[in-house]
Amino acid sequence: MNQIGAENQTSITIDDAMSESNELDSCYNCFQHFVTNGFSKIDESSFEGDIIKTSFFSSLSRNPQISYRTKIVAIHKNSNTSQCWKIRAHSFGVYAKAVADTRGGDANIKYAWYGASKNEICETVMHGFSWRRHSISVSPAKHGLDSVLCSGVDGSGVRHLLLCRVILGKQEVVREDSSDQFHPSSMDFDSAVDDISSPTRYIIWNTHLNYNILPCYILSFEAPPYLSGLTEPKTIKPKTWITFGTLISILSPFLDHSQRASLEEQYTNYLEKKITRPQMIQRVRAIAGNQLLSAVVKLYTNKEIQVSSSNRGDAAATGVMQQAARLMMQPDCWEQFIVR
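Residues numbered from 1 in each chain as written. Predicted model: local features only at pLDDT ≥ 70, side-chain atom pairs only at ≥ 80, totals over all residues. Heavy atoms only, no water.

**Looking at the pattern of salt bridges**
So, point 1. Counted according to the given criterion, the structure contains six salt bridges.
So, point 2. Note that Asp-190 is salt-bridged to Arg-103, the shortest N-O span being 2.8 Å. Taken together, the positions of Asp-190 in the loop between strand 7 (171-173) and strand 8 (191-193) and Arg-103 in the loop between helix 6 (83-102) and strand 4 (109-115) put the pair 87 residues apart, joining distant regions of the chain.
So, point 3. Classification of Asp-190 by relative accessible area gives buried; the value is 7%.
So, point 4. Residue classification places Arg-103 among the partly exposed positions, given a relative accessible area of 23%.
So, point 5. Salt-bridge contacts for Glu-272 lead to Lys-274; the nearest nitrogen and oxygen are separated by 3.2 Å.
So, point 6. Note on Glu-272: relative accessible area 47%, which makes it partly exposed.
So, point 7. A residue is classified by how much of its surface remains accessible, and Lys-274, at 59% relative accessible area, is exposed. (Salt bridge = Lys/Arg side-chain N within 4 Å of Asp/Glu carboxyl O. Helix = DSSP H or I, 4+ residues; strand = E, 2+ residues; numbered from the N terminus. Buried < 20%, exposed > 50% of the residue type's maximum accessible area, 1.4 Å probe, protein only.)

Structural data, given as structure tokens:
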């Protein structure tokens, strides 16, 4: 396989391979929820998709260890034509004009990121922000990291951000401990910030959520598992990881021509970012079968064979093939490798 020869550093964990999860379904169900509620998927290489992608990665540029290992999975645009959303959009426009008239002609409209759990994002997609009982904090377009850290990982390992238009009007500075404040301190202000000269968060008051924040896009992405700590783990146990390339090389001798071709096609799609990591895991499982996949990773788990970065290749793959073949000669032993 040509793609296997150029070993990719992206890996699959033993837990990924051994667990019969509903990760992919979770991802699809989430996207389906977005589509059902008026958000349509756009190509990230399109004009607006490219702008959003560039803005997102630019906002992570101060943390290259996160930016480098973060991958966009999908971008959905608010195309909702329901009467309810038309009213929300109209209210946003009316309020923007009112603020502009009050504040010298400038409503101070910005784009901002909002990060939350998948359930909160889904609720907001359905009902807007009006269901929230408290004021919310959003991140300026160039300071998205705080919202990324607030986002929750769904069942497929994907996080979601809302990119919203917000009417800021005239802003006041609030303290970190002002969580009990839910409206402007006076009629002279419309929103709040943590720093007037260089804000890293905008505060949209609870009393204004119905008409001065409008969700425009949903950005779904995969981020490194150590995201919340902001520092990469110093050590990773070699026995808990196997690269996709090595795994496919090991599996190939046990597959027929069509299966090998299918695996190569899926691996190429993955390298070209046409499918996500959870999708790749599910497709390897579907093509190779849980029994063979389980047998291979079981060998890794029991340290019966080890493949490190210094000895990857034919010899290592042959060792695993020989041991997997011995397992295949013992049908009764397959019972313990079936993923449940």
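**Some details on the sheet that holds strand 4**
So, point 1. Taken in spatial order, the nine strands line up as 2-3-10-6-4-5-9-8-7 in an open sheet, and their pairing is mixed. The open sheet has two free edges, formed respectively by strand 2 (39-42) and strand 7, since each of these has just one partner strand. Here the average twist between neighbouring strands, direction ignored, is 35°.
So, point 2. As paired elements, strand 3 (residues 71-78) and strand 10 (residues 213-222) share six bridges and run antiparallel to each other. Note on strand 10: the bridge partner recorded for Lys-71 is Glu-222. (Pairing = 2+ DSSP bridges. Axes fitted to C-alpha atoms, helices over the stretch in contact; angles between N-to-C directions.)

**Here we look at the side chain of His-160**
So, point 1. Tracing the backbone through its elements, the reader meets His-160 in strand 6 (residues 159-167).
So, point 2. Take His-160: its relative accessible area is 0%, and that puts it in the buried class.
So, point 3. In this structure the side chain of His-160 is engaged in a polar contact, spanning 2.9 Å, whose partner is the side chain of Asp-154.
So, point 4. A polar side-chain atom of His-160 sits 2.8 Å from a polar atom in the side chain of Ser-220. (Polar contact = N/O pair within 3.5 Å; in protein donor to acceptor, adjacent residues only side chain to side chain.)

That's the geometry; what it means functionally is another story.
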